[in-house]
Amino acid sequence: MALAARTGSRRSLDLASAALDAAEAGRFVEAGRLASEALRRLEPGDRRASAETRSRAERAIGTAARGVGRYRDAESAFRRGLAAAEDAFGPDSLEAAELHNDLGMTHKYAGRFDDAEGAYRRAQDILDSLPEPDPEDLAALFHNLGGLAHARGEFAAAEPLARHAVDLRAAAVGPRDPATLLDRSAHAAILAGLGRHDDAERSIREVLPDLEASFGPDHPEVAVALNNLAAIVQARGSLGEAEPLYRRVIRIKEIRLGADSPLIAGALNNLGTVLRDRGRADEASALFERALRLLEGAVADDHPTLRTVRRNLQSSCVPAPTELPPRRS
């Protein structure tokens with residue numbers, strides 16, 4: 001009986017691990033199915049193994065929910081996962097730090113920046129207390145701290161954080177690793193915010209072919225880089241080049257995230273500004289209105305993108321914002 005229970009626990013943990021892998025790869029439906037099966041198969045008798053499985057399965061559920069913009073569901077899942085991780089490994093464990101990072105990412109997307117900073121700082125405290133923290137975990141944390149500063153418009157504070165993430169990651173896995181490319185793409189968005197458009201554009205154009213080769217041309221991470229490139233060429237006045245880039249971003253996100261995801265709103269807004277500046281006011285207004293519908297109720301009322309969309313609906317002229325998605329590893 002004991003052997004059978006251990007075998008069942010191992011199977012549940014394997015399913016939870018597969019669910020987390022699927023969620024991180026953007027296969028959200030598969031992730032939810034595997035995570036639910038892992039939780040269903042849990043057997044009594046091994047508290048630590050059950051807690052480990054619950055932690056991993058809830059992380060998968062939370063990652064999938066956040067990936068399509070269901071931030072409340074994501075937060076609930078990550079909090080359940082954190083409780084399980086603390087039960088299985090302790091409150092100062094690497095597993096707990098990863099869940100705090102997950103919560104920080106979720107809060108950042110939802111526009112709850114103070115909550116995001118608190119979660120990131122808790123993750124940082126745990127990593128700093130470990131004898132030998134993984135450089136990739138540190139790189140992800142600095143990436144996210146830089147992204148939070150970027151979201152707040154604090155570009156000067158964001159740049160050294162993002163650059164440190166690139167340096168840590170490149171030293172750990174190499175400059176051509178897909179994870180390093182994502183860090184470089186994020187750093188480029190911050191350079192654009194600082195007005196260093198030449199440096200930003202050069203960096204994005206360098207990494208974009210490798211991102212497409214690594215993740216596929218229709219991956220959400222590719223869409224983020226394309227959005228940032230479009231924002232840069234738009235700032236230069238190249239509206240004819242920016243428009244198809246934004247349309248490709250929207251198409252990718254609609255296919256991969258669903259047409260109702262609030263993560264599409266930024267690109268809708270940006271395309272709307274291009275069309276408005278090209279004299280197509282009615283088309284622009286329709287895009288602003290759709291972006292508003294996607295954001296209201298999904299993010300904090302003072303979320304920067306939501307504020308921008310509202311201003312654009314009142315015909316204020318504001319720059320197209322770049323994107324900087326958080327990273328979990």
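All values reported here derive from a predicted model rather than from experimental measurement. Within each chain, residue numbers correspond to sequence positions counted from 1 in written order. For this predicted model, a pLDDT threshold of at least 70 governs which residues receive local features, and a threshold of 80 or more governs which side-chain atom pairs are given and counted, while totals over whole chains, interfaces and linings are taken from all residues. Each side-chain value is worked out from all heavy atoms of the structure, with water and hydrogens disregarded.

A. Just the overall build of the protein, in detail. Note on conventions: DSSP H or I runs of at least 4 residues are helices, E runs of at least 2 residues are strands, and numbering of each starts at the N terminus. On a plain count of helices and strands, the protein comes out with 15 helices and zero strands. Dimensions of the protein along its principal axes, counting C-alpha atoms only, are 75 × 40 × 35 Å. With a 1.4 Å probe rolled over the protein chains alone, any residue whose accessible area is under 20% of its type maximum counts as buried; one over 50% counts as exposed, and the rest are partly exposed. Counting every position in the protein, which comprises 329 residues, the buried fraction comes to 54%. By the convention used here, residues are in contact when the closest approach between their heavy atoms is within 4.5 Å. A sequence separation of at least 24 residues applies to 65% of the contacts in the protein between residues at least 6 apart.

B. Representation of the packing of helix 14 (residues 281–295) against helix 15 (residues 304–313). Packing of helix 14 against helix 15 leaves a shortest axis separation of 9 Å and a crossing angle of 145°. Crossing handedness for the pair helix 14 and helix 15: left-handed. In contact with Ser285, Phe288, Glu289, Ala291, Leu292 and Leu295 of helix 14, helix 15 contributes Thr305, Leu306, Val309, Arg310, Asn312 and Leu313. Throughout this entry, Asp, Glu, Lys and Arg are counted as charged residues, while Ala, Val, Leu, Ile, Met, Phe, Trp, Tyr, Cys and Pro are counted as nonpolar. The remaining residues, Gly among them, count as polar. Looking at the contact of helix 14 with helix 15 residue by residue, the class counts come to seven nonpolar, three polar and two charged. Note on definitions: angles span 0 to 180 degrees between N-to-C directions of axes, and those axes are lines fitted to C-alpha atoms, for helices only across the stretch in contact. Definitions for this section: a left-handed crossing has its near helix turned counterclockwise from the far helix by less than a right angle. A right-handed crossing has that turn clockwise.

C. Region of interest: the packing of helix 12 (residues 239–257) against helix 13 (residues 265–277). Packing of helix 12 against helix 13 brings their axes to within 9 Å, and their N-to-C directions diverge by 150°. As the angle between them shows, helix 12 and helix 13 are arranged roughly antiparallel. Considering only the axes of helix 12 and helix 13, their crossing is left-handed. Touching Leu239, Ala242, Glu243, Tyr246, Arg247, Val249 and Ile250 of helix 12 are Ala267, Leu268, Asn270, Leu271, Val274, Leu275 and Asp277, all from helix 13. Classifying every residue of the contact of helix 12 with helix 13 by side-chain character gives 10 nonpolar, one polar and three charged. Should an angle fall under 35 degrees it is taken as roughly parallel, and over 145 as roughly antiparallel, whereas 65 to 115 is taken as roughly perpendicular and any remaining angle as oblique.

D. Spatial organisation of empty space enclosed by the protein. Grid points spaced at 1 Å over the protein atoms alone were grouped into cavities, where a 1.4 Å probe fits but cannot get out, and pockets, open sets with protein on both sides within 12 Å along at least five of seven lines, with lining residues defined by an atom within 4 Å of a point. Grid points are joined across faces, edges and corners, and a volume is the space filled by probe spheres set on the points. If you walk through the whole model with that rule in mind, you get two cavities of 30 Å³ or more. What the largest cavity holds in volume is close to 80 Å³. Around the largest cavity sit 10 residues that line it, and Ala97, Glu98, Asn101, Leu127 and Asp137 are the ones nearest its centre. Only helix 5 (94–110), helix 6 (113–129) and helix 7 (135–151) provide two or more residues apiece to the lining of the largest cavity. Looking at side-chain class alone, the lining of the largest cavity contains six nonpolar, one polar and three charged residues.

E. View of the packing of aromatic side chains. Think of it this way: a Phe, Tyr or Trp ring, Trp meaning its six-membered ring, pairs with another when their centres are within 6.5 Å, and the plane angle makes it stacked under 30 degrees, edge-to-face over 60, tilted otherwise. What the rule picks out here adds up to one aromatic pair. On the numbers, 6.0 Å between centres and 5° between planes, the contact of tyrosine 71 with tyrosine 109 is stacked. Of this pair, tyrosine 71 sits in helix 4 (residues 71–89) while tyrosine 109 sits in helix 5, placing them 38 residues apart in sequence. Under the relative-accessibility criterion, tyrosine 71 is labelled buried at 6%. Here, a charge over a ring means that NZ of Lys or CZ of Arg falls within 6 Å of the ring centre while also lying within 35 degrees of the ring normal. Here the guanidinium or amino end of lysine 108 rests over the ring plane of tyrosine 109, the centre of that ring lying 5.6 Å away.

F. Local environment of the pattern of salt bridges. Any carboxyl oxygen of Asp or Glu that lies within 4 Å of a side-chain nitrogen of Lys or Arg is treated as forming a salt bridge with it. Within this structure, the stated rule accounts for 40 salt bridges. Here arginine 56 makes a salt bridge to glutamate 52, at a shortest N to O gap of 3.0 Å. Separated by four residues within a single helix, arginine 56 and glutamate 52 lie in helix 3 (residues 47–67), roughly one turn from each other. Among the residues examined, arginine 56 registers a relative accessible area of 25% and is labelled partly exposed. Arginine 276 is paired through a salt bridge with aspartate 277; the nearest N and O atoms lie 3.5 Å apart. Its relative accessible area of 40% is what places aspartate 277 among the partly exposed residues. Among the ionic contacts, a cluster of salt bridges with common partners joins Asp198, Glu201, Arg205, Arg236 and Glu241.

G. Spatial organisation of helix 11 (residues 220–235). How far a helix is expected to stretch is found by multiplying one less than its residue total by 1.5 Å. For helix 11, spanning 16 residues, the distance from its first C-alpha to its last is 23 Å, which sits close to the expected 22 Å at 1.5 Å a residue. Among the 16 residues of helix 11, 14 are classified as buried, and the element is accordingly described as predominantly covered. With its phi angle positive at about 95°, glycine 237 sits one or two positions after the end of helix 11.

H. A look at the side chain of glutamate 243. Within the fold, glutamate 243 resides in helix 12. According to the relative accessible area criterion, glutamate 243 is buried, its value standing at 10%. Polar contact is the term for a pair of N or O atoms within 3.5 Å; when the atoms are in protein, one must be able to donate a hydrogen and the other to accept it, and sequence-neighboring residues count only if both atoms are side-chain atoms. Within the local environment of glutamate 243, its side chain forms a polar contact with the side chain of arginine 278, the two groups lying 2.6 Å apart. Leave out the neighbours within four places in its chain, and glutamate 243 touches Leu271, Val274, Leu275, Arg278 and Arg280.

Distances and angles like these do not, on their own, reveal function.
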